[in-house]
Amino acid sequence: MTMTDPLGDMLTRIRNGAARRKSSVTTPASKLRARVLDVLQAEGYIRGYSQTDYGNGKSEIEIELKYYEGASVIREIGRVSKPGRRVYVSVKSIPQVANGLGITILSTPKGVMADHQAREQNVGGEVLCSVF
């Protein structure tokens, strides 16, 4: 079965793993997923991740989820730009999540980054997901 939205699948695995209080979740590896996980790790939403290569072009990412006082650090995580409806924004219209308490992850010409970094570098792009 083909997967139409690999990034959305990864976000759902993170959401489901956090709801079940799993220490880690696994997902197939890709460069986009790794860049999004880099942003989540830099912003403190996950402990980290590691990539395992199985050969034949197959590799997997294990994501270590982060908890604080028994509750998941990620309260909400959702896909914004979907395969059926892409969402692009200019630097002036980058959305804020929870009045600046959360982040929006964007794919820009300068790479995948959080909303505050995109504002600093004065670039817009595709809104991948929002995290709070």
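Residues numbered from 1 in each chain as written. Predicted model: local features only at pLDDT ≥ 70, side-chain atom pairs only at ≥ 80, totals over all residues. Heavy atoms only, no water.

1. Side note on the sheet that holds strand S3 (residues 58-65)
Line of reasoning, step 1. With respect to topology, three strands assemble into an open sheet ordered S1-S3-S2, the strand pairing being antiparallel. Of all strands in the sheet, those with a lone pairing partner are strand S1 (24-28) and strand S2 (46-55), marking the two edges. For this sheet the average axis-to-axis angle between neighbouring strands, irrespective of direction, equals 20°.
Line of reasoning, step 2. Where S2 lies against S3, eight bridges are found, and the strand directions are antiparallel. Residue pairing in the sheet places Asp53 in a bridge with Ser59 of S3.
Line of reasoning, step 3. Strand contacts of helix H1 (residues 6-19): S1 and S3, with the helix running at about 165° to S1, the strand carrying the most contacts.
Line of reasoning, step 4. Against the sheet, helix H2 (residues 31-42) makes contact with S1, S2 and S3, and its axis sits at roughly 155° relative to S2, the strand it touches most. (Pairing = 2+ DSSP bridges. Helix = DSSP H or I, 4+ residues; strand = E, 2+ residues; numbered from the N terminus. Axes fitted to C-alpha atoms, helices over the stretch in contact; angles between N-to-C directions. Contact = heavy atoms within 4.5 Å.)

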